[in-house]
Amino acid sequence: MCAYACKGHIPSLESPRLRLRRMESGDAAMMFACWSDPEVHRYMNLSGMSGREDAEDMIELLNELAKTEDALRWGIELKENGKLIGSCGFNYWQTAGAYKAEIGYEVAKPYWRQGYMTEALRLVLSFGYNTIRLNRIEALVDPRNTGSQALLSSMGWTQEGLLRQVQHTSTGFKDMLMYSLLHEEWLRLEAQRNAVSV
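Residues numbered from 1 in each chain as written. Predicted model: local features only at pLDDT ≥ 70, side-chain atom pairs only at ≥ 80, totals over all residues. Heavy atoms only, no water.

## Structural notes on the pattern of salt bridges
Line of reasoning, step 1. Under the criterion given, the structure shown has 17 salt bridges.
Line of reasoning, step 2. With its nearest N and O atoms 3.9 Å apart, the salt bridge here joins E138 to K100. Of this pair, E138 sits in strand β6 (residues 136-141) while K100 sits in strand β5 (residues 100-107), and the two are 38 residues apart along the sequence.
Line of reasoning, step 3. On the basis of relative accessible area, E138 is assigned to the buried category, the value being 7%.
Line of reasoning, step 4. With a shortest N-O distance of 2.8 Å, R136 and E160 are connected by a salt bridge. Note that R136 is positioned in strand β6 and E160 in strand β7 (residues 158-169), a separation of 24 residues in sequence.
Line of reasoning, step 5. The class of R136 is buried, set by a relative accessible area of 18%.
Line of reasoning, step 6. By relative accessible area, E160 is classed as partly exposed at 43%. (Salt bridge = Lys/Arg side-chain N within 4 Å of Asp/Glu carboxyl O. Helix = DSSP H or I, 4+ residues; strand = E, 2+ residues; numbered from the N terminus. Buried < 20%, exposed > 50% of the residue type's maximum accessible area, 1.4 Å probe, protein only.)

## Digging into the nonpolar core
Line of reasoning, step 1. The biggest cluster of nonpolar side chains holds 55 residues, and the ones touching the most others in it are W35, L72, F90 and W157.
Line of reasoning, step 2. Filtering out sequence-adjacent residues up to four positions away, F90 remains in contact with A71, L72, W74, A101, E102, I103, V124, F127, G128, I132, L134 and I137. (Core = buried A, V, L, I, M, F, W, Y, C linked by side-chain atoms within 4.5 Å. Contact = heavy atoms within 4.5 Å.)

## Some details on the sheet that holds strand β2 (residues 18-21)
Line of reasoning, step 1. Across the sheet, eight strands lie side by side as β1-β2-β3-β4-β5-β6-β8-β7; this open sheet has mixed pairing. Looking at strand neighbours, the two that pair on one side only are β1 (13-14) and β7, the edges of this open sheet.
Line of reasoning, step 2. For strand β3 (residues 72-78) and strand β4 (residues 84-94), the ladder comprises six bridges, and the chain directions are antiparallel. Within β4, the residue paired with L72 across the bridge is F90.
Line of reasoning, step 3. Against the sheet, helix α4 (residues 116-130) touches β1, β2, β3, β4, β5, β6 and β8 (172-182), its axis set at about 30° to β4. (Pairing = 2+ DSSP bridges. Axes fitted to C-alpha atoms, helices over the stretch in contact; angles between N-to-C directions.)

Below, the structure is given as structure tokens:
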């Protein structure tokens, strides 16, 4: 099996309401509004942003990480108006040996609890299992982030346990909860979802 390589290409993915696409410098104002909101970045390992230029730098960094095969991040765009409401993607992936990856995501507060992130993550998971050919996808979640825990649980993810002081941030070492979803579980969940929607 050939190892997946994106070579800097961030493909567009679409669902009924959303388009996941490469972020560009012109998206900086919208992403600054999202990333600088204290309620959005409260549980993210993200330094505070002071202006649009910081968001532009972050977008450039994320696109560069795709070129070096270190990450793959999409902007989440509303198809009805072209507005970017957040981002999601793979913080890393590893095909050799483990066939696993870790995801990350955030959405602007006005769009919370409307099913957008569930819809976006289904696209990311489908891409991970079908294109990258992953067997396992992980998510590290701050124990205080009950919204993210509820999202993953509603999508059938398993909470495996607490990883002690696994991340270092500006405020020190942090514990994180490990969630995972296996390819075989994804196939079963998708089959059940498709059966219900028929």
